[in-house]
Every structure is written in C-alpha cells, then in structure tokens.
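Read off the chains here:
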Amino acid sequence: MSSDLLEARLAKLRRLRELGHDPYGRRFPATLPSAIVRRKAEPLQLAPGATDDRARIRVAGRIVLLRDMGKLAFLHLRDADGDLQIGVSRRDVGDAAWELFKLLDLGDLLGVDGVLGRTKTGELTVWARSLTLLTKCLRPPPEKWHGLQDVDLRYRRRYVDLFVNPDVMRTFRARLTIIESIREYLRSLDFWEVETPTLQPLHGGAAARPFTTHHNTLDMTLFLRISPELYLKRLLVGGMERVFEISRNFRNEGISPRHNPEFTMLELYQAYGDLSDMMEITEGMIRAAINRIGGGAIRPFGVHAINFNPPFARRRYFDLLQEFAGVDGRDAAAVQARAASLNIPTQGMDDAIVINKVFEALVEPHLVQPTFVIDYPADLCPLTRRKPDDPSIAERFELYVACTELANAYTELNDPAVQRETFTRQLRGEGDETMRVFDEDFVMALEYGMPPAGGLGVGIDRLVMLLTNAPSIRDVILFPLQRPRAGADEAQHP
RNA sequence: GAGGGCGUAGCUCAGUCGGUAGAGCAACGGCCUUUUAAGCCGUGGGUCCUGGGUUCGAGCCCCAGCGCCCUCACCA
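On a predicted model such as this, the values are computed, not experimentally measured, just so you know.

## Some thoughts on the protein's contact with RNA strand B
In the vicinity of RNA strand B there are 55 residues, among which Arg-67, Thr-121, His-259, Asn-260 and Lys-357 approach most closely. Take the atoms of RNA strand B that sit within 4 Å of the protein: sugar and phosphate atoms are 59% of them. Separating a base nitrogen of RNA strand B from a side-chain N or O atom of Arg-91 is a distance of 3.3 Å. Taking Glu-123, its side chain carries an N or O atom lying 2.5 Å from a base oxygen of RNA strand B. For the surface near RNA strand B, the secondary-structure elements that each account for two or more residues are helix H1 (3-18), strand S1 (51-68), strand S2 (72-78), strand S3 (83-89) and helix H4 (151-156). Among the elements that make up the surface near RNA strand B, the one with the highest residue count is H4 (five residues).

Written as structure tokens, this is what we have:
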C-alpha cells in the first residue's frame with residue numbers, strides 16, 4: 001500500500017507517545033456492552049437534548065465513524081453488539097483530551113468515560129468526560145458506507161470483515177447460538193458429548209478421499225477423519241447409550257459454495273432407537289435452534305421461503321424418482337435409458353450409482369422445502385440396516401432443504417457378518433478404491449454386540465447457511481481455505 | 001480437473017474508438033459546538049494483478065501465468 005496513509009498514522013502514534021499516551025493501552029475495566037447501554041437508557045426516558053449526569057458510563061470499542069465540527073465531534077464506537085454514538089465536546093473534556101481526540105483515526109480502539117444523553121435529534125449518545133486510547137490502528141479501514149466488499153479480501157482478512165460488516169458478525173453470532181442450542185437440546189435428551197480421534201489410522205464412516213499425514217515417532221501414516229462414525233458406534237458397544245460429537249471433518253475433495261475441505265458435522269447415536277427417533281430429533285433440534293436465533297419458522301433462503309415447521313414431508317426415494325424422473329427405479333434398463341437421455345455417463349457403473357445420479361439430476365432440484373427422503377436402495381448404504389420385509393431397501397433418510405442434503409440418518413447396521421460383507425464390496429462408479437476401507441477392529445466391536453440404534457449426521461455449516469440465509473459455506477466458516485497469495489504488501493501471510 | 005467471468009488509489013467503483021489515469025469515501029491543510037454516509041475551501045495519493053507480445057502509442061488488443069467468483073465433476 002502507498003505508505004503515506006500508514007505514515008500519517010505512525011506520525012500520530014509518535015505524537016501520542018510524546019503526549020504520554022500509550023498507543024497500545026491497557027486494561028480498561030467496568031465497560032458496558034453497547035446493547036446494555038441501550039437497555040439501561042430506556043427507563044431514563046431521556047428527552048432530545050437532555051443528559052443524565054448522575055451515572056457514569058464506560059464503554060470501549062472501535063471508532064467506525066467520525067464527524068468533527070471543530071470544537072464538537074461525534075463518533076461511533078463499535079463493539080461486538082453494535083454501535084454507540086459518542087459525543088466529544090472540547091468544553092466538557094478539556095484541552096488535553098481534545099488534543100488526544102485530534103490524534104484519533106478511524107479504526108482506533110477507544111475507551112470512553114462519560115454520561116448518557118440524547119442529542120437534539122434524539123440519538124442516544126455517551127457524552128465523553130474522558131478519553132483513553134486503547135489501541136492505535138495503523139492501517140486505514142475500508143470505506144464507512146460500502147464496507148469491505150471484495151470477497152477475496154473478506155475471507156483473507158476476516159478480522160477486518162468482522163469489524164467492518166455488522167452482518168458478518170451477526171452471522172457468526174447466529175452460528176454460535178445455533179450450536180449452543182443443539183448442545184442444549186441434546187443434553188436435555190441425555191446425550192453425552194464425546195470426543196473421538198481426528199487423527200485416525202484408518203479413515204471410515206463415509207465415502208470420501210482423506211487428507212494424509214504422518215506421525216514421526218510412531219512412523220505411521222495417519223488420516224484426518226472424514227467422519228467420526230465408526231468411533232461413536234464403538235462407544236455404543238461400550239455401553240454409552242446416547243452419544244454425540246460436533247466434529248471438524250476433513251475431506252480431500254472439491255471446493256464449492258456448499259463444500260469446504262474442513263467442515264463441521266454433528267453426529268449422534270441412540271441405542272435402542274431407530275430412524276423414527278432420528279426424525280424427531282432432527283425436527284426438534286432445528287426447531288430449538290430457530291427458537292433461539294429468532295426470525296420464525298418460515299425463513300428466506302435466496303429466492304425461497306423455507307418453512308421449517310414440523311413435521312417435514314416424508315417421501316419415498318422411488319416415489320420421487322417416479323414423480324420427477326418419470327422412471328421406475330427398480331427397472332434398471334429404464335433408469336439406464338433415463339441416464340443416457342441426460343448425458344450421464346453410466347459405463348461400467350453399478351445400477352445403484354446410476355439411479356442415484358438420475359435422482360441427483362432430476363429430483364434434488366425439486367426438494368426445496370424440508371423433505372425426509374426415505375427408503376433408499378440398500379446398495380448405496382453400507383452402514384445401514386435393511387428393512388426387515390425388503391432387504392433391498394435401507395432404513396435411511398436424507399433430509400433435503402433448498403435442494404441440498406442437510407442431514408443423513410439410519411437405523412444402524414449391527415450385524416457383523418453383513419457389515420463384513422458390505423465393507424468388502426466396492427461399487428463400480430463410486431469414486432476410487434481408496435474410499436472404502438475395511439476396519440477389522442470395528443467389525444470385532446460389532447461381534448461383541450452393538451445395541452440396535454439410530455444414528456444421525458447433520459451438516460452444521462449448511463444448517464447455519466440455511467438459517468442465516470448465507471449463499472456460500474464460506475460465509476459461515478470464519479477462515480475458509482484460500483490459496484496463499486504472494487505479494488509485496490501481503491508479505492508471506494496469509 | 002474442465003468451461004465462463006472478474007482483477008484500476010487504502011476502500012467502493014467509472015474509464016467511450018487504442019491517444020495526458022478519474023469520482024466518492026478515506027488521508028493531509030484550513031473553517032465549523034448537536035452531526036446521522038455532516039458540510040464548505042484547498043492539497044496530495046496509481047506496479048491499471050504479474051510477465052511477455054502487437055502498435056508511433058496499451059488500463060483497453062493478443063499470449064502465458066497468478067488470485068478470486070460462478071457452473072460442472074468428485075463430495076456432504
């Protein structure tokens with residue numbers, strides 16, 4: 001960057017030091033968040049132009065707006081809750097503080113001690129009695145009105161994005177609230193929160209390529225988990241009857257508005273339960289999250305209005321294929337023909353994979369409102385129990401919202417013999433052979449006996465996207481993966 | 001990995017047919033005690049993403065590269 005902007009601020013920093021101010025200040029206790037200040041102001045019934053001299057108020061935050069009128073100035077101080085107007089009058093603060101004020105810039109972190117009042121136009125204002133520089137900002141912040149728009153810079157300098165764009169802060173605060181509400185809900189159902197390995201000698205529980213790493217002392221290859229599933233089920237064997245984990249998973253696959261190489265997944269398992277329990281929990285959990293973040297059950301998402309009121313629709317996989325693809329999913333030849341008409345390559349692929357490609361192409365675009373898709377072809381579901389009256393159908397649902405998979409659940413397979421067989425079978429057309437790995441120890445665990453159980457996985461990032469109307473997964477992950485950018489100004493980082 | 005789009009001042013953006021690089025905000029100097037994107041007067045600020053090429057002359061045209069966004073594929 002051109003160094004004059006930086007130099008101007010450095011010059012002020014030197015001057016501040018000369019005047020005895022620490023440009024990298026210290027503890028500034030007893031401040032109130034701006035939201036609390038606003039709440040406290042209400043019962044005071046301050047008239048426009050009035051001040052209340054009785055109580056001193058201390059606030060701290062970043063200067064995001066500054067209007068200087070010579071001997072009087074207004075500035076907006078931003079904290080994690082929002083903005084608060086500060087009034088600085090030369091008459092009230094004295095010449096020394098005014099000199100300090102003159103050396104402040106947009107972006108500086110400031111502590112204010114003052115009294116509450118309202119301006120002539122009625123805006124709540126803390127009239128400063130003293131000012132304390134808390135940290136000098138050396139770089140000019142982005143424009144006050146448009147903020148930081150460049151998506152690349154927003155992700156690379158999320159710290160700027162957060163203090164400049166209040167919507168971004170709100171989104172991540174909503175993310176926190178959603179996750180909190182899920183924890184609370186599951187705890188209320190007596191689920192135990194557990195932690196299982198991120199570094200795994202075998203990657204299992206999903207079909208995806210893993211990231212590979214190496215442990216030096218043990219001289220062994222390790223994989224970053226693609227899923228915690230097989231460990232959580234081992235805990236069922238051990239007698240933990242209801243467990244959940246909110247885990248960061250890593251998949252070495254493509255990046256898209258709905259995929260980040262690391263993402264957050266909720267997985268839970270309930271002994272002596274099944275698919276129907278998982279449906280109830282899914283609906284209850286989403287309801288709990290919506291109640292906590294507010295905004296109602298009918299929510300905008302892009303061009304859609306999504307109705308999250310339970311119960312969600314339940315639709316059979318083959319019925320949906322019939323309705324939207326006009327094809328009988330059990331008629332392999334008809335499905336092949338449909339796939340061919342869509343230019344979907346089917347060469348050497350198993351029927352189940354072809355069917356699913358047709359489903360993704362023709363059915364998913366219609367699944368806007370929350371829909372439990374049930375009765376999946378068993379071949380697609382290696383860890384799922386089959387229906388007792390029809391072993392070709394798995395007891396599984398996927399929850400679709402806004403044409404995207406949000407959750408996935410099954411009645412868990414606990415028959416070690418069947419598990420051993422499905423582990424060994426690799427479907428043709430299902431990615432490459434690194435995806436399914438035989439986990440002998442997991443089968444042994446099943447041989448000790450895993451209780452019949454229901455299991456559920458929910459993509460937390462996607463849930464947050466849906467509930468905050470975020471178009472990209474990068475909008476709900478604080479530091480999404482970006483390629484490093486070498487540049488003179490950027491130095492080596494990020 | 002394939003296709004398409006974008007990259008100009010600290011930020012948000014204009015830039016016509018290839019002919020001296022522009023605005024607003026921010027910055028700097030001055031005025032201003034109730035502003036709401038405050039206002040007024042003045043000043044400075046550019047690796048036009050990078051590297052080649054075409055041309056008398058390139059921000060603009062061509063080639064290559066880098067980064068980001070979108071679509072598709074893998075995946076959730």
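## Some thoughts on helix H14 (residues 460-468)
It helps to recall that an α-helix has 3.6 residues per turn; residues three or four apart then point in one direction. Summarising burial for H14: eight of the nine residues are buried, a large majority. Within H14, the full set of buried residues consists of Ile-460, Asp-461, Arg-462, Leu-463, Val-464, Met-465, Leu-466 and Leu-467. With its phi angle positive at about 55°, Asn-469 sits one or two positions after the end of H14.

## Describing the packing of aromatic side chains
A ring pair, where both rings are aromatic, is described by two values, the distance of the centres and the angle of the planes. Applying the stated criterion across every chain yields a total of ten aromatic pairs. Residues Phe-74 and Trp-127 carry aromatic rings whose centres are separated by 5.6 Å and whose planes lie at 65° to one another, so their mutual orientation is edge-to-face. In this pair, Phe-74 sits in strand S2 while Trp-127 sits in strand S5 (residues 124-135), placing the two residues 53 residues apart along the sequence. Above the face of the Phe-28 ring, Arg-58 is positioned so that its terminal group lies 4.0 Å from the ring centre. Lying across the ring of Phe-163, Arg-62 places its NZ or CZ 3.8 Å from the centre.

## Some thoughts on the packing of helix H7 (residues 229-238) against helix H13 (residues 440-448)
Their axes nearest at 9 Å, the elements H7 and H13 cross at an angle of 25°. One finds that H7 runs roughly parallel with respect to H13. Here H7 and H13 pass one another in a crossing that is left-handed. Where H7 approaches H13, its residues Leu-230, Lys-233, Arg-234 and Val-237 are matched on the opposing element by Asp-441, Phe-442, Ala-445 and Tyr-448. Residues that form the contact of H7 with H13 fall into these classes: five nonpolar, no polar and three charged.

## Observations concerning the domain arrangement of chain A
Considered domain by domain, chain A is made up of domain 1 (3-140) and domain 2 (164-312 + 369-475). One C-alpha centre belongs to domain 1, the other to domain 2; they are set 47 Å apart.

## Details of the environment of Leu-380
Positionally, Leu-380 belongs in the loop between strand S15 (371-377) and strand S16 (386-387). Distance from Leu-380 to Ala-394, taken between C-alpha atoms, is 8.4 Å for residues 14 residues apart in sequence. When residues no more than four places from it in sequence are discounted, the contact partners of Leu-380 are Tyr-317, Ala-352, Ile-353, Asn-356 and Arg-396.

## Concerning the pattern of salt bridges
Following the criterion strictly, the structure yields 40 salt bridges and no others. For Glu-193, the salt bridge identified is with Arg-183, shortest N-O distance 2.7 Å. With a gap of ten residues between them, Glu-193 in strand S6 (residues 192-193) and Arg-183 in helix H6 (residues 166-188) connect regions that are remote in the sequence. Judged by relative accessible area, which is 37%, Glu-193 ranks as partly exposed. According to the relative accessible area criterion, Arg-183 is partly exposed, its value standing at 32%. Look at the salt bridges and you will find they share partners, linking Lys-12, Asp-105, Asp-108 and Lys-136 into a network.

## Remarks on helix H8 (residues 275-293)
With 19 residues, H8 should cover 27 Å at 1.5 Å per step; its first-to-last C-alpha distance of 27 Å lies within 8% of that length. For H8, the full list of buried residues reads Leu-275, Met-278, Met-279, Ile-281, Thr-282, Glu-283, Gly-284, Met-285, Ile-286, Ala-288, Ala-289 and Ile-290. Backbone geometry just after H8 places Gly-294 at a positive phi near 75°.

## A short note on empty space enclosed by the protein
Using the criterion set out here, one finds three cavities of 30 Å³ or more in the structure. Of the volumes computed, that of the largest cavity is approximately 60 Å³. In terms of lining residues, the largest cavity is bounded by Arg-258, Phe-301, Val-401, Ala-402, Thr-404, Glu-405, Leu-406, Arg-462, Met-465 and Leu-466. Residue assignment for the lining of the largest cavity shows that the elements contributing at least two residues are strand S18 (404-411) and H14.

## So, the side chain of Glu-398
Looking at the secondary structure, you find Glu-398 in strand S17 (residues 390-401). A distance of 2.5 Å separates a polar atom in the side chain of Glu-398 from a polar atom in the side chain of Arg-396. In this structure the side chain of Glu-398 is engaged in a polar contact, spanning 3.4 Å, whose partner is the side chain of Tyr-400. Once residues lying within four places of it in the same chain are set aside, the contact partners of Glu-398 are Thr-371, Phe-372, Val-373, Tyr-376, Glu-405, Ala-407 and Asn-408.

## Focus: the nonpolar core
Core analysis: the biggest nonpolar cluster contains 45 residues, and Leu-186, Leu-266, Leu-268, Ile-281, Phe-397, Leu-399 and Leu-456 have the highest contact counts within it. Top element by residues in this core is H8. It accounts for nine residues. Dropping the residues within four chain positions of it, Leu-268 is found in contact with Leu-186, Phe-191, Val-243, Phe-244, Met-278, Ile-281, Gly-454, Gly-455 and Leu-456. If you look at the next biggest cluster of nonpolar residues, it comprises 28 residues, including Val-37, Leu-100, Leu-110 and Leu-133.

Rules used throughout
- Residues numbered from 1 in each chain as written.
- Chains lettered and ligands numbered in written order.
- Predicted model: local features only at pLDDT ≥ 70, side-chain atom pairs only at ≥ 80, totals over all residues.
- Heavy atoms only, no water.
- Near = heavy atom within 4 Å.
- Polar contact = N/O pair within 3.5 Å; in protein donor to acceptor, adjacent residues only side chain to side chain.
- Helix = DSSP H or I, 4+ residues; strand = E, 2+ residues; numbered from the N terminus.
- Buried < 20%, exposed > 50% of the residue type's maximum accessible area, 1.4 Å probe, protein only.
- Phe/Tyr/Trp six-rings, centres within 6.5 Å; stacked < 30°, edge-to-face > 60°.
- Lys NZ or Arg CZ within 6 Å of the ring centre and 35° of its normal.
- Axes fitted to C-alpha atoms, helices over the stretch in contact; angles between N-to-C directions.
- Parallel < 35°, antiparallel > 145°, perpendicular 65-115°, else oblique.
- Left-handed = near helix turned anticlockwise from the far one by under 90°.
- Contact = heavy atoms within 4.5 Å.
- Nonpolar A, V, L, I, M, F, W, Y, C, P; charged D, E, K, R; others polar.
- Domains from an automatic or database assignment.
- Salt bridge = Lys/Arg side-chain N within 4 Å of Asp/Glu carboxyl O.
- Expected span 1.5 Å × (residues − 1).
- 1 Å grid on protein atoms, 1.4 Å probe; cavity = no way out; pocket = protein on both sides within 12 Å on 5 of 7 lines; lining within 4 Å.
- Points joined across faces, edges and corners; volume = space filled by probe spheres on them.
- Core = buried A, V, L, I, M, F, W, Y, C linked by side-chain atoms within 4.5 Å.

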